[in-house]
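Each chain is listed here by its residues.
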Amino acid sequence: MTRPDRRIYRQTDDGGVQLASSADRWTLHDDHVNFLPHVDPSRLLRFDAELMPFVDDPSHQALVIIDMQNDFLSPGGWTDASGLDYQKCREAIPGVQRALSIARERACG
């Protein structure tokens, strides 16, 4: 007999559709994605995202910032030398700074 949490694409009790199985399961809803449907909902925070909002437990998250360095963001770096507009890459800096600030606030309580 298959356990219900192992059945992918099943309808969930809260109106979602399960899109993975076991402890790695997550559910898709009309207005959000729940990455931890098996966790107490009071521990979950809702995050607005461009494609679709999601809910997740902040204690299970990490912020990883990769390649925010001179090679991609400065004149003479790889982006610039490749003929690409490094200034366009720099437009990401304020968003990365906001994400880092929020992550630090949450990590420090």
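Let me begin by describing the structure that accompanies this report.

Quick notes on the rules
Residues numbered from 1 in each chain as written. Predicted model: local features only at pLDDT ≥ 70, side-chain atom pairs only at ≥ 80, totals over all residues. Heavy atoms only, no water. Helix = DSSP H or I, 4+ residues; strand = E, 2+ residues; numbered from the N terminus. Rg over C-alpha atoms; globule rule 2.2 N^0.38 Å. Buried < 20%, exposed > 50% of the residue type's maximum accessible area, 1.4 Å probe, protein only. Areas by Shrake-Rupley, 256 points an atom, 1.4 Å probe, with all protein chains shown as cover. Lys, Arg positive; Asp, Glu negative; His and termini not counted. Charge placed at Lys NZ, Arg CZ, Asp CG, Glu CD. Phe/Tyr/Trp six-rings, centres within 6.5 Å; stacked < 30°, edge-to-face > 60°. 1 Å grid on protein atoms, 1.4 Å probe; cavity = no way out; pocket = protein on both sides within 12 Å on 5 of 7 lines; lining within 4 Å. Points joined across faces, edges and corners; volume = space filled by probe spheres on them. Nonpolar A, V, L, I, M, F, W, Y, C, P; charged D, E, K, R; others polar. Patch = residues over 30% accessible without salt bridge, like charges linked within 9 Å, V, L, I, M, F, W, Y side chains within 5 Å. Salt bridge = Lys/Arg side-chain N within 4 Å of Asp/Glu carboxyl O. Pairing = 2+ DSSP bridges. Contact = heavy atoms within 4.5 Å. Polar contact = N/O pair within 3.5 Å; in protein donor to acceptor, adjacent residues only side chain to side chain.

A word on the overall build of the protein chain
Next up, step 1: For the protein chain, the count of helices and strands is four helices and five strands.
Next up, step 2: In the protein chain, the succession of helices and strands from N to C terminus is β-β-β-β-β-α-α-α-α.
Next up, step 3: Scaling as 2.2 N^0.38, a compact globule of 109 residues should have a C-alpha radius of gyration of about 13 Å, whereas the protein chain reaches 19 Å, well beyond that.
Next up, step 4: Dimensions of the protein chain, computed from the C-alpha atoms along their principal axes, are close to 60 × 35 × 25 Å.
Next up, step 5: Within the protein chain, the proportion of its 109 residues that are buried is 25%.
Next up, step 6: Summed over its atoms, the accessible surface of the protein chain is roughly 8,100 Å², and 53% of this surface lies on carbon and sulfur atoms.
Next up, step 7: Charged side chains in the protein chain number 12 positive and 17 negative. The centres of these two groups are separated by 5 Å.

Concerning the packing of aromatic side chains
Next up, step 1: Evaluated as defined, the whole model comprises four aromatic pairs.
Next up, step 2: A ring pair is formed by Phe47 and Phe54, whose centres lie 5.1 Å apart and whose planes are at 15°; its orientation type is stacked.
Next up, step 3: Phe54 gets classed as partly exposed once you look at its relative accessible area, which sits at 22%.
Next up, step 4: Each member of the aromatic cluster is reached from another via a ring pair, and the members are Trp26, Phe35, Phe47 and Phe54.

Here we look at the layout of surface pockets
Next up, step 1: Its boundaries defined by the atoms lining it, the largest pocket holds a volume of some 580 Å³.
Next up, step 2: Counting only elements with at least two residues in the lining of the largest pocket, the list comes to strand S4 (45–47) and helix H4 (93–108).
Next up, step 3: Per element, the largest residue contribution to the lining of the largest pocket is five residues, and it comes from H4.
Next up, step 4: Split into classes, the residues belonging to the lining of the largest pocket amount to 10 nonpolar, one polar and three charged.

Let's talk about a nonpolar patch on the surface
Next up, step 1: A surface patch of nonpolar side chains, amounting to about 240 Å² of accessible area, comprises Leu63, Ile65 and Met68.
Next up, step 2: Looking at the secondary structure, you find Met68 in the loop between strand S5 (54–56) and helix H1 (70–73).

Concerning the sheet that holds S5
Next up, step 1: Ordered in space as S1-S2-S3-S5-S4, the five strands form an open sheet in which the pairing is mixed. Lying at the two open borders of the sheet, with one neighbouring strand each, are strand S1 (17–18) and S4.
Next up, step 2: Direction of pairing for S4 relative to S5: antiparallel, over a ladder of three bridges. Along S5, the bridge assignment pairs Phe47 with Phe54.

Digging into the environment of Tyr86
Next up, step 1: Mapped onto the fold, Tyr86 is located in helix H3 (residues 86–90).
Next up, step 2: A sequence separation of 16 residues divides Tyr86 from Asn70, and the C-alpha atoms of the two residues are 9.6 Å apart.
Next up, step 3: Sequence-distant contacts of Tyr86, that is, excluding residues within four places in its chain, are made with Phe72, Leu73, Ser74, Pro75, Thr79 and Asp80.
Next up, step 4: Among the polar contacts made by the side chain of Tyr86, one reaches the side chain of Gln87 at a distance of 3.2 Å.

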